[in-house]
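Understanding the architecture of this molecule
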Amino acid sequence: MSDTPKKSIKTMEASRRSVLMGGTALAASLFAPKFLKAADYPTAAVNTTGLAVTDEDVTIGILHSITGTMAISETGSVQAEKLAIEQINAQGGILGRKIKYIQEDGASDWPTFAEKAKKLLVNDKVASVMGCWTSASRKAVLPVFEQYNGFLYYPTFYEGLEESPNVIYTGQEATQQIIAGLDWVAETKGAKSFYLLGSDYIWPRTSNKIARKHIEKLGLKVVGEEYYPLGHTQFNSVINKIRLKKPDVIYAIVVGGSNVAFYKQLKAAGIDMTKEKPVLLTISVTEDEIRGIGGENIEGAYACMKYFQSLDNPNNIAFVEEFKKMWGDDMVIGDVTQAAYLGPWLWKAAVEKAGSFDIDKVREASPGIELTTAPEGYVKVHKNHHLWSKTRVGHAKADGQYEVVFETAELVEPDPFPEGYQ
Amino acid sequence: MFAEYSMGELGAIFAMQGFAGLILFSVFVLMALGLAIIFGQMGVINMAHGEFMILGAYVTYLTSNLFATYIPSLFSIYFFLAMILAFFVTAALGMLVEWSMIRHLYKRPLDTLLATWGLSLILQQVYRSVFGAREVGVTIPEWMMGSLPLTDMIEIPINGIFVMVLAVGISTAVYIMMFRSSWGKQVRAVTQNRVMAGAVGINTERTDRLTFGIGCGVAGVAGSAFTMIGSTGPTAGQLYIVDTFLVVVFGGAASLLGTIASAFSISQAQSIMEFFLSGSMAKVLTLLTVVGILMLRPQGLFALKLRK
């Protein structure tokens, strides 16, 4: 354990230098303070629909679970959003106005999410909302956002099959996350057979459907596909089945507390992921989850997503440093946390492009918004409200971090309604 | 589905699958014993059972951190001390809860359900405030991880063996306490006839408190052992509570033997069906079977014969 932090500090120093030299110029192009003055944007002109915008500030909502089962996952998103808001305020805010936020607790309960969303939109008149994590909570608030014309930034990678005019999806939809990873494992690991495994709800099922279609398109074989109830804690039977079928790749989309049980039992059953075979490829374990699983239990597995904390670029090094400064040195940052961090920045860029807080104008301005300062690198909003982003494969190390072993050359186009994959 | 495999492979898989069933059985026994003592002997529906288990897990987490920081040389055996500590800490909390809350509700059994459910919410929030909302990773000593390769195909998980040994040990201890100690005699007397037991001089209040404490303590040990196979987070106890009640109710309240028989049948059914069907389907069928049997036999597998 003690070696790695030292090493990362070293790279951090080296890169901080490069930030000072080249990075600032890059950052200046978009985000560096433009020092827009509120006086240049009179409230009556930038807010024609009665949102919570005054001459000094603008109010937005943060809507995540900070109690209940999902608090484990959503805490990181809240922290990232608060960090982004603080940084934006330090740069002078949006159109000369500081961002204030009202935080509501969805309490891991979907009707509560809908209720709180309504409260934020109707009573508080917030100009936008950063929030939701599970697809179930997003589906619950969707009718509210569409009825009262709110604007939601949703951070989680998810199953796709949705494109709401009132939501910007800052995480990857399923095809972005899945296809590149399968191509990679087929090419570099020579994988021929796959065992698909998941928790039993919409995201793993939809994702595995896409994965199966793509595997079959590549001319390879799926030797098993299985789902376990959420919260399932005994995986010995399925591990035996995997042992019998001898797949080249175990494709695992297990979530929540089950995750911990699955990897601990896999290791205990003598399936050693540090060896050539079988390769374990997952799309559901970020650095956040590894904290609960324990790095030694998942060492050697591969994860496919768009962001890893270990990404070596000046934006990310600065982001990780700021995040730890604000929330503590023992924090880890997963894919969704980073995606949540993009929310406020994307909204800021859209508002400034529109020159208005009006939701219709922000929506119109959103497609084509670019972020060069994103920790994951360059991203762009597609006209279907998802982000163009690169997909990467990480190799889990015993210290709980991923080493990035592959990255798509180009940004992957979001395709929430993939033809031929449904 | 087995046409393409050799006899050797099949034999190995069935051996390992049988072992998987036994591990599941041990897990169920550990989960359910504490609840069976409390629910079976006292008639208290303890909805906070899962949270007592997680308290045991957190005690293990703290002990592992203590050992790692102060006496790393003894880290490989910290787990035993952690389990003992887990027992006493959870038993102490259990007795406190009994004294402050449960004993006022003995005459209103349904209210204990609400009160202990409230307690479970309170405990969850306490864990969240103290340890954070995220799961904590409990480091297990090296020798307790991995597996013993018996042959090329058969590998036996070490933590599975550990859980099995523990389940046998704790069941034996509970059996001895229940049927061979004076405390056990008192508990059984109070269960059968509270008023009469009081009349012959048994301190029923003390017996209740001790019973509740021991039930919680056993839950704590179970929670401590489960850090090897599951997650430790504020709400992780909720993962176990349904299965636990299922085992106890199916076995017949008030019968420890019934609990064990029911744990065995449910675990074997589930593990065999998981192998041949998918996980969710296996769960559905297990639950359906249990519901069906309970409809025919509402008192569960084994019932204490009482004169009503």
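**What about the overall build of chain A?**
When helices and strands are tallied, chain A shows 14 helices and 15 strands. Whereas a compact globule of 422 residues would reach a radius of gyration of roughly 22 Å, chain A reaches 21 Å, a difference of no more than 12%. Scored against the burial criterion, the 422 residues of chain A give a buried share of 55%. Counting only contacts in chain A whose residues sit at least 6 apart along the sequence, the fraction spanning at least 24 positions is 72%.

**Let's talk about the interface of chain B and chain A**
Accessible area lost on assembly of the parts is the figure often given for the size of an interface. Counting from both sides, the interface comprises 41 residues of chain B and, opposite them, 34 residues of chain A. Residue assignment for the side of chain B that touches chain A shows that the elements contributing at least two residues are helix H1 (7–42), helix H4 (109–131), strand S1 (147–149), strand S2 (155–157), helix H5 (158–180), helix H10 (256–276) and helix H11 (279–296) of chain B. For the side of chain B that touches chain A, the leading source of residues is H1 of chain B, giving 8 residues. Grouping the constituent residues of the side of chain B that touches chain A by class yields 18 nonpolar, 16 polar and 7 charged.

**Examining H5 of chain B**
Taking 1.5 Å per residue, 23 residues should reach 33 Å; H5 of chain B reaches 32 Å between its end C-alpha atoms and fits that length. When H5 of chain B is considered as a whole, its buried residues turn out to be Asn159, Gly160, Val163, Ala167, Ile170, Ser171 and Val174 of chain B. Turning to H5 of chain B, the residues buried within the fold contact helix H9 (257–268) of chain A together with H1, S2, helix H8 (204–226) and H10 of chain B.

**Some thoughts on the environment of threonine 204 of chain B**
Residue and element names in this part refer to chain B. If you trace the backbone, threonine 204 turns up in helix H8. With 88 residues separating them along the chain, threonine 204 and glycine 292 place their C-alpha atoms 37 Å apart. Apart from residues no more than four positions distant in its own chain, threonine 204 is found in contact with Val190, Arg194, Ala197 and Gly198.

**Regarding the packing of helix H9 (residues 238–251) of chain B against H10 of chain B**
All names here are of chain B. At a closest axis distance of 7 Å, the pairing of H9 and H10 adopts a crossing angle of 120 degrees. With respect to their mutual orientation, H9 and H10 come out oblique. As for the relative orientation of H9 and H10, their crossing is right-handed in sense. Contacts from Leu246, Val247, Val248, Phe250 and Gly251 in H9 reach Gly258, Thr259, Ala261, Ser262, Ala263 and Ile266 in H10. Along the lines of polarity and charge, the residues of the contact of H9 with H10 split into 7 nonpolar, 4 polar and no charged.

**Points about the environment of glutamine 265 of chain A**
Locating glutamine 265 of chain A in the fold gives a position in helix H9. Given 25 C-beta atoms within a 10 Å radius, glutamine 265 of chain A is considered buried. Sequence separation of glutamine 265 of chain A and proline 111 of chain A is 154 residues, and the distance between their C-alpha atoms is 35 Å. Look past the residues within four positions of glutamine 265 of chain A in its chain and what remains in contact with it is Phe235, Asn236 and Ile239 of chain A together with Ile229 of chain B.

**Overview of the sheet that holds strand S3 (residues 129–131) of chain A**
Residues and elements named next belong to chain A. Sheet architecture is open: 5 strands sit in the order S2-S1-S3-S4-S5, paired in parallel fashion. Sheet topology places strand S2 (98–105) and strand S5 (167–169) at the edges, where each strand pairs with a single neighbour. Each strand axis lies, on average, 25 degrees off the axis of its neighbour in the sheet, ignoring direction. As defined by bridge partners, strand S1 (residues 57–64) adjoins S2 across 8 bridges and the pair is classed as parallel. Note on S2: the bridge partner recorded for isoleucine 60 is tyrosine 101. Sitting on the sheet, helix H4 (residues 110–123) touches S1, S2 and S3, and the angle it makes with S1 is about 175 degrees.

**Considerations on the sheet that holds strand S14 (residues 392–396) of chain A**
All names here are of chain A. Read from one edge of the open sheet, 7 strands run S7-S6-S8-S9-S10-S14-S15, paired in mixed fashion. Edge positions in the sheet fall to strand S7 (221–228) and strand S15 (402–407), since each of these pairs with one other strand and no more. Put simply, the sheet's adjacent strands are angled 25 degrees from each other on average, direction ignored. For S14 and S15, the ladder comprises 5 bridges, and the chain directions are antiparallel. Paired with histidine 395 across the two strands is glutamate 403, which belongs to S15.

**Some words on the domain arrangement of chain A**
All names here are of chain A. What the domain assignment reports for chain A is domain 1 (11–172 + 311–389) and domain 2 (174–305 + 393–407). Using C-alpha coordinates to define each centre, domain 1 is positioned 30 Å away from domain 2. Facing 18 residues of domain 1, the contacting portion of domain 2 comprises 16 residues. Elements that contribute at least two residues to the side of domain 1 that touches domain 2 include exactly helix H3 (71–90) and helix H13 (335–354). A class-by-class count of the residues in the side of domain 1 that touches domain 2 yields 7 nonpolar, 9 polar and 2 charged.

**Observations concerning H3 of chain A**
Residue and element names in this part refer to chain A. Here H3 spans 28 Å end to end across 20 residues, near enough to the 28 Å set by a 1.5 Å rise per residue. The element H3 is extensively covered by neighbouring structure, given that 14 of its 20 residues are classed as buried. At the exit of H3 stands glycine 92, carrying a positive phi of roughly 105 degrees.

**A look at the nonpolar core**
The biggest cluster of nonpolar side chains holds 204 residues, and the ones touching the most others in it are Tyr251 and Leu346 of chain A together with Phe28, Leu30 and Ala32 of chain B. Top contributing element to this core by residue count: H1 of chain B, with 21 residues. Both domains that meet at this core, namely domain 1 (11–172 + 311–389) and domain 2 (174–305 + 393–407) of chain A, each give it at least three residues. Ignoring any residue separated from it by four or fewer positions in sequence, one finds leucine 346 of chain A in contact with Tyr153, Ile168, Thr170, Ile369, Leu371 and Val381 of chain A.

**Remarks on the pairing of strand S10 (residues 302–305) of chain A**
Residues and elements named next belong to chain A. Residues Tyr302 and Cys304 line one face of S10 and the alternating positions Ala303 and Met305 line the opposite face, and both faces are buried. Pairing geometry for S10 and S14, over 4 bridges, is antiparallel. Considered in S14, the bridge of cysteine 304 is made with valine 393.

**Quick word on unusual backbone geometry**
Residue cysteine 132 of chain A is not a glycine yet carries a positive backbone phi of 70 degrees. Of note, cysteine 132 of chain A is situated in the loop between S3 and helix H5 (135–147).

**Comments concerning the packing of helix H6 (residues 174–188) of chain A against helix H7 (residues 202–217) of chain A**
Residue and element names in this part refer to chain A. Where H6 contacts H7, the two axes come as close as 10 Å, and the packing angle between them is 40 degrees. Considered as vectors, H6 and H7 are oriented oblique to each other. Handedness of the crossing formed by H6 with H7: right-handed. On H7, the residues that touch Ala174, Thr175, Ile178, Ile179 and Leu182 of H6 are Thr206, Ser207, Ile210, Ala211, His214 and Ile215. Here the residues of the contact of H6 with H7 sort into 7 nonpolar, 4 polar and no charged.

The rules behind these values
- Residues numbered from 1 in each chain as written.
- Chains lettered and ligands numbered in written order.
- Predicted model: local features only at pLDDT ≥ 70, side-chain atom pairs only at ≥ 80, totals over all residues.
- Helix = DSSP H or I, 4+ residues; strand = E, 2+ residues; numbered from the N terminus.
- Rg over C-alpha atoms; globule rule 2.2 N^0.38 Å.
- Buried ≥ 20, exposed ≤ 12 C-beta atoms within 10 Å, placed from the backbone.
- Contact = placed C-beta atoms within 7 Å.
- Nonpolar A, V, L, I, M, F, W, Y, C, P; charged D, E, K, R; others polar.
- Expected span 1.5 Å × (residues − 1).
- Axes fitted to C-alpha atoms, helices over the stretch in contact; angles between N-to-C directions.
- Parallel < 35°, antiparallel > 145°, perpendicular 65-115°, else oblique.
- Left-handed = near helix turned anticlockwise from the far one by under 90°.
- Pairing = 2+ DSSP bridges.
- Domains from an automatic or database assignment.
- Core = buried A, V, L, I, M, F, W, Y, C linked by C-beta atoms within 7 Å.

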